[in-house]
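# Overview (structure and organization)
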Amino acid sequence: MQTKTDVGYNSKVEGGVVHTRLDAAANWCRKNSLWPMPMGLACCAIELMAVGASRFDISRFGSEVMRFSPRQSDVMIVAGTVTYKMALAVKRIYDQMAEPKWVIAMGACASTGGMYRSYAVLQGVDHILPVDVYVAGCPPRPEALLDALIKLQGKVAKEPFLTTQKQVA
Amino acid sequence: MSPLELAQKLKVRFGNLISEPKEFRGEITVELSDADVIAEVCAFAKTDLGFDFLVDITSIDNYGEDPRWTLVYHLYGLGHHGALRLKTAVSEELSEVLTVTGVWRTAEWHEREIFDMMGIRFRGHPDLRRILMWEGYPHYPLRKDFPLAGKPTEEPEIAFTEGAPEEGGPFVTVAGGKDAMSREPRARVPESAPADLSTGLEAKETPKPPETPGVETKEFI
């Protein structure tokens, strides 16, 4: 049966050889092993922990370890309210992550400041980081975060391999 | 000894500086007319009356009145389980009180928070600096003349901070209206918006499907 995919593989014809594009292969590796950097700041971090636990297992999707070291992680999940005081630290940690890196803004506070329209809360982490996926909810259901991860995987699959990643604005 | 008796002992010791103990719902409140002796009063309360636990220090902004600040000290005795509230007033021109960190070490952070949020300084405090807002933040946020959304400030190294947007946002409900539908923003058309933006649950004629014979169409309300 012939199907059109990125990976064209017919084992009877080609044996143990897979023909693919570099983009597809590299992106397949990247998207199926997105190690999160959990920036758990507030209540959304509890739901993030739930996602990491056994019922809504995030390691099914390749996010096997929550690397609390930015040097070893791929996606930063900003889970919680970003205050101005904390925004400094969040930006520093993001800068320390190696390319390629992505950001998921989890919950209302990280996306837009949430219910806190006040003097101390950054109105959305996208003021300081380029966000790839926003998750709505207060807090979002664990399934919602997994849906965001799947959407991010879809985004990663489409990225050209040899592109310069996120530029500082 | 009940807290009322302990408050009476405080009054006996300090005379006219302490008001008559007021009781409300089982809680005793005592007012101190001169904020300069607050440290002595607290030291006496701790050593002689057994109030060895400072529960909280908080400040009130009586905006428009003089004196502007009221400081409230909540004391508790772990031995005798009695609680006492101590209030004192500070004027805005002075905006300074003696610290009680010599009596209870926990007052350090409570007084830092009052300094951060209200701007009342504490004489003799070992480390008076901001505790919640960042160093160099120029305003005092919990004063009554400070807007909730905040004023624009410079946060060094990260970004400028603008006041958070409040008006005209999508999730601002209006007061009044007999049910949630009319209070919700979807039912409200802003005056500045063009007319075609008025969508939502206002009475709009939904197009009815054409009647087909033999089929019962039900209306869902």
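Preceding this paragraph is the structure being described.
Below you will find a few notes about this structure. This is a predicted model, so every value here is computed, not measured. (Residues numbered from 1 in each chain as written. Chains lettered and ligands numbered in written order. Predicted model: local features only at pLDDT ≥ 70, side-chain atom pairs only at ≥ 80, totals over all residues.)

### A look at the overall build of chain A
Within chain A one finds six helices and four strands. Listed N to C, the secondary structure of chain A is α-α-β-α-β-α-β-α-β-α in terms of helices and strands. Put simply, of all contacts in chain A between residues at least 6 apart along the chain, 78% involve residues at least 24 apart. (Helix = DSSP H or I, 4+ residues; strand = E, 2+ residues; numbered from the N terminus. Contact = placed C-beta atoms within 7 Å.)

### Quick look at the sheet that holds strand 3 (residues 53–61) of chain B
Residue and element names in this part refer to chain B. Here we have five strands laid out as an open sheet, ordered 1-2-5-4-3, and mixed in their pairing. Two strands bound the open sheet, and with one partner strand each, they are strand 1 (22–24) and strand 3. Each strand axis lies, on average, 25° off the axis of its neighbour in the sheet, ignoring direction. Here strand 3 runs beside strand 4 (residues 69–76); their pairing, made up of eight bridges, is antiparallel. Within strand 4, the position partnered with D56 by the bridge is H74. In this fold helix 1 (residues 3–14) packs onto strand 1, strand 2 (27–32) and strand 5 (83–90), with an angle of close to 15° to the strand it touches most, strand 2. (Pairing = 2+ DSSP bridges. Axes fitted to C-alpha atoms, helices over the stretch in contact; angles between N-to-C directions.)

### Examining the nonpolar core
One broad trend across soluble globular proteins is that nonpolar side chains are buried collectively. All names here are of chain A. V78, V82, I104 and M106 are the most contacted members of the largest nonpolar core, which has 42 residues in total. Listed by contribution, the elements that provide at least two residues to this core are strand 1 (36–40), helix 3 (44–52), strand 2 (75–79), helix 4 (84–96), strand 3 (102–106), helix 5 (107–112), strand 4 (133–135) and helix 6 (142–157). Each residue touching V82, except ones within four places of it in the same chain, is listed here: L41, A87, V90, C109, A110, L122 and V125. (Core = buried A, V, L, I, M, F, W, Y, C linked by C-beta atoms within 7 Å. Buried ≥ 20, exposed ≤ 12 C-beta atoms within 10 Å, placed from the backbone.)

### Considerations on the packing of helix 2 (residues 22–31) of chain A against helix 6 of chain A
All names here are of chain A. The geometry of helix 2 relative to helix 6 is characterised by a closest axis approach of 8 Å and an angle of 160° between their N-to-C directions. Of the possible angle classes, the one that applies to helix 2 and helix 6 is roughly antiparallel. Two packed elements cross with a definite hand, and for helix 2 against helix 6 that hand is right-handed. Residue-level contacts link N27, R30 and K31 of helix 2 to Q153, V156 and A157 of helix 6. (Parallel < 35°, antiparallel > 145°, perpendicular 65-115°, else oblique. Left-handed = near helix turned anticlockwise from the far one by under 90°.)

### Some details on the environment of S118(A)
All names here are of chain A. If you trace the backbone, S118 turns up in the loop between helix 5 and strand 4. Classification of S118 as partly exposed rests on a count of 18 C-beta atoms within 10 Å. Sequence separation between S118 and P36 is 82 residues; the distance between their C-alpha atoms is 29 Å.

### Points about helix 6 of chain A
Taking 1.5 Å of rise per residue, the 16 residues of helix 6 of chain A would be expected to cover 22 Å, and the 23 Å separating its terminal C-alpha atoms lies within 8% of that figure. Its buried side turned inward, helix 6 of chain A meets helix 2, helix 3, strand 2, strand 3 and strand 4 of chain A. (Expected span 1.5 Å × (residues − 1).)

### Considering the sheet that holds strand 4 of chain A
All names here are of chain A. Taken together, the four strands give an open sheet; going across it, the order is 1-2-3-4, and neighbouring strands pair in parallel fashion. Looking at which strands have only one partner, the edges of the open sheet turn out to be strand 1 and strand 4. Along the sheet, successive strands turn relative to each other by an average axial angle of 15°, direction set aside. The strands touched by helix 3 are strand 1, strand 2 and strand 3; relative to strand 2, the strand with the most contacts, the crossing angle is about 130°.

### Focus on the pairing of strand 1 of chain A
Residues and elements named next belong to chain A. Strand 1 sits mainly inside the fold: five of its five residues count as buried. Burial of strand 1 is two-sided: the residues P36, P38 and G40 facing one way and the residues M37 and M39 facing the other way are all buried. Relative to strand 2, strand 1 is paired through five bridges, and the arrangement is parallel. Looking at strand 2, one finds that P36 is bridged to V75. For the crossover from strand 1 across helix 3 to strand 2, the handedness is left-handed. (Right-handed = clockwise from strand over helix to strand, strands pointing away.)

### Let's talk about the environment of G50(B)
All names here are of chain B. You can see G50 is positioned in the loop between helix 2 (38–47) and strand 3. Sequence separation of G50 and L78 is 28 residues, and the distance between their C-alpha atoms is 7.9 Å. Here G50 is in contact with G77, G79 and H80, once residues within four sequence places are set aside.

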